[in-house]
Amino acid sequence: MATIKIKQIKSSIDRPERQKRTLKALGFSKMHQILEKEDNANIRGMINKVHHLVTIIE
């Protein structure tokens, strides 16, 4: 299956708890970390919830 690379570009400080948990569920633990995940509907939905904190690397 296809994969997608995502990078955290903004901090989760002063964000709602729900967004903090979404970042943690994606696997982020620090800033500017790059993760490679499967490109499926679940991951895309999580990215859409925190789209202002992460970016997709092509």
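Scope of this entry: the structure provided in the associated data block.

Parameters and conventions
- Residues numbered from 1 in each chain as written.
- Predicted model: local features only at pLDDT ≥ 70, side-chain atom pairs only at ≥ 80, totals over all residues.
- Heavy atoms only, no water.
- Helix = DSSP H or I, 4+ residues; strand = E, 2+ residues; numbered from the N terminus.
- Rg over C-alpha atoms; globule rule 2.2 N^0.38 Å.
- Buried < 20%, exposed > 50% of the residue type's maximum accessible area, 1.4 Å probe, protein only.
- Contact = heavy atoms within 4.5 Å.
- Areas by Shrake-Rupley, 256 points an atom, 1.4 Å probe, with all protein chains shown as cover.
- Lys, Arg positive; Asp, Glu negative; His and termini not counted.
- Charge placed at Lys NZ, Arg CZ, Asp CG, Glu CD.

Digging into the overall build of the protein chain
Within the protein chain one finds 2 helices and 3 strands. In the protein chain, the succession of helices and strands from N to C terminus is β-α-β-α-β. Taken against the 2.2 N^0.38 rule, which gives 10 Å for 58 residues, the C-alpha radius of gyration of the protein chain at 11 Å falls within 12% of a compact globule. Counting only C-alpha atoms and orienting by the principal axes, one finds that the protein chain spans roughly 35 × 20 × 15 Å. Residues classed as buried in the protein chain amount to 28% of the 58 residues present. Long-range contacts, defined as pairs at least 24 residues apart, comprise 71% of the intrachain contacts of the protein chain with a sequence gap of at least 6. By element, 48% of the accessible surface of the protein chain is carried by carbon and sulfur atoms, the whole surface being about 4,200 Å². Measuring between centres, the 12 positive side-chain charges of the protein chain sit 6 Å from its 6 negative side-chain charges.

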